[in-house]
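So you can see what is in the structure, the chains are spelled out below.
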Amino acid sequence: MTLEPLLNAPPAIQIHVAAVVPAAILGAYLLARPKGTRLHRLLGKIWMALMVVTALSSFFIHEINLVYGFSPIHLLSVFVLAGSWRAILAARRHDIRTHRRIVSGMYFGGIVLAGLATLLPGRLMHAVAFSGNSWLTLVLFGLIAAAIVAAVGLRPRRGRVA
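A. Layout of the overall build of the protein chain. In terms of helices and strands, the protein chain carries seven helices and zero strands. Secondary structure elements of the protein chain occur, N-terminal to C-terminal, as α-α-α-α-α-α-α. Buried residues in the protein chain amount to 29% of all 162 residues. With the model as given, the accessible surface of the protein chain reaches about 10800 Å², and the carbon-plus-sulfur share is 72%.

B. A look at the packing of aromatic side chains. In this structure the tally under the stated criterion is one aromatic pair. A ring pair is formed by tyrosine 107 and phenylalanine 108, whose centres lie 5.3 Å apart and whose planes are at 90 degrees; its orientation type is edge-to-face. Since its relative accessible area comes to 46%, phenylalanine 108 is described here as partly exposed.

C. Looking closely at the packing of helix H4 (residues 73-92) against helix H5 (residues 96-117). In contact at an axis separation of 9 Å, H4 and H5 are set at 155 degrees when each is read in the N-to-C sense. Taken together, the axis directions place H4 and H5 in an arrangement best described as roughly antiparallel. Of the two possible hands of crossing, H4 and H5 adopt the one that is left-handed. Contacts from Ile73, Leu76, Val80, Gly83, Ser84, Arg86, Ala87, Ala90 and Ala91 in H4 reach Thr98, His99, Arg101, Ile102, Val103, Met106, Gly109, Gly110 and Ala114 in H5.

D. Structural detail: the nonpolar core. Counting 19 residues, the largest nonpolar core has Ala23, Leu26, Trp47, Met48, Met51, Met106 and Ile111 as the members making the most contacts within it. In contact with tryptophan 47, not counting residues within four places along its chain, are Ala23, Leu26, Gly27, Leu30, Val103, Met106, Tyr107 and Ile111. In terms of nonpolar packing, the next biggest core, distinct from the first, is built from seven residues, Ala12, Ile13, Val17 and Val128 among them.

E. Up close: helix H2 (residues 11-32). Compared with an ideal rise of 1.5 Å per residue, which puts 22 residues at 32 Å, H2 spans 32 Å between its outermost C-alpha atoms and is within 8% of the ideal. Residues Ala12, Ile13, Val17, Ala19, Val20, Ala23, Leu26, Gly27, Leu30, Leu31 and Ala32 constitute the buried set of H2.

F. Representation of the packing of H2 against helix H3 (residues 38-58) in the model. Where H2 meets H3, the axes come as close as 8 Å, and the angle between the chain directions of the two elements is 150 degrees. As judged from the angle between their axes, H2 and H3 are roughly antiparallel. In the crossing of H2 with H3, the sense of the turn from one axis to the other is left-handed. Taking contact as the criterion, the partners of Ala12, Ile15, His16, Ala19, Val20, Pro22, Ala23, Leu26, Gly27, Tyr29 and Leu30 in H2 are, on H3, Leu39, His40, Leu43, Gly44, Ile46, Trp47, Leu50, Met51, Val53, Thr54, Ser57 and Ser58. For the contact of H2 with H3, the class distribution of residues is 16 nonpolar, seven polar and no charged.

G. Spatial organisation of a nonpolar patch on the surface. On the surface, a nonpolar cluster with roughly 360 Å² of combined accessible area is contributed by Tyr29, Leu39, Leu42 and Ile46. Looking at which element gives the most residues to the nonpolar patch, the answer is H3, with three residues. With respect to the secondary-structure elements, leucine 42 resides in helix H3.

H. Examining the environment of proline 11 more closely. With respect to the secondary-structure elements, proline 11 resides in helix H2. Judged by its relative accessible area of 57%, proline 11 falls in the exposed class. Note: C-alpha distance between proline 11 and isoleucine 61 (50 residues apart in sequence) is 9.3 Å.

I. Focus on H3. The terminal C-alpha atoms of H3, which comprises 21 residues, lie 31 Å apart, in line with the 30 Å expected from a rise of 1.5 Å per residue. Listed as buried for H3 are His40, Leu43, Gly44, Trp47, Met48, Leu50, Met51, Thr54, Ala55, Ser57 and Ser58. Buried residues in H3 make contact with H2, H4 and H5.

What counts and how
Residues numbered from 1 in each chain as written. Predicted model: local features only at pLDDT ≥ 70, side-chain atom pairs only at ≥ 80, totals over all residues. Heavy atoms only, no water. Helix = DSSP H or I, 4+ residues; strand = E, 2+ residues; numbered from the N terminus. Buried < 20%, exposed > 50% of the residue type's maximum accessible area, 1.4 Å probe, protein only. Areas by Shrake-Rupley, 256 points an atom, 1.4 Å probe, with all protein chains shown as cover. Phe/Tyr/Trp six-rings, centres within 6.5 Å; stacked < 30°, edge-to-face > 60°. Axes fitted to C-alpha atoms, helices over the stretch in contact; angles between N-to-C directions. Parallel < 35°, antiparallel > 145°, perpendicular 65-115°, else oblique. Left-handed = near helix turned anticlockwise from the far one by under 90°. Contact = heavy atoms within 4.5 Å. Core = buried A, V, L, I, M, F, W, Y, C linked by side-chain atoms within 4.5 Å. Expected span 1.5 Å × (residues − 1). Nonpolar A, V, L, I, M, F, W, Y, C, P; charged D, E, K, R; others polar. Patch = residues over 30% accessible without salt bridge, like charges linked within 9 Å, V, L, I, M, F, W, Y side chains within 5 Å. Salt bridge = Lys/Arg side-chain N within 4 Å of Asp/Glu carboxyl O.

That's the geometry; what it means functionally is another story.
In structure tokens:
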């Protein structure tokens with residue numbers, strides 16, 4: 001793993017990565033922890049702001065130029081922006097089912113699936129993750145996998161007796 005390709009990337013990509021990485025970590029935490037608490041609402045606002053920055057910054061990234069500098073992945077950014085607005089409105093209406101569905105979709109579609117796509121050969125994050133010290137890459141992916149397993153395993157379940 002080496003950060004050199006990222007450090008040499010255009011500012012829009014650097015901003016995009018600087019917003020999406022904490023959004024990925026914070027989102028996993030929020031999905032795994034109790035909902036409706038004061039902390040959940042505070043961290044949820046931060047997560048939503050990170051997602052908006054991630055989506056907006058993507059409009060300045062034109063690495064895959066299919067239609068006038070844009071690609072189908074930019075549609076995902078439109079969905080994230082619309083989803084952010086709809087998720088906030090649903091939360092304010094106390095429509096938790098809709099809020100949960102939208103936010104989960106934004107996380108798993110906008111971060112997990114899109115993030116996996118950035119690891120394809122030829123993409124910048126592939127160069128970051130799979131060049132340089134390969135042991136560091138294995139450690140990083142091991143830590144990410146452990147964090148996901150821990151988040152899922154520690155997630156409170158309904159009807160669970162302590």
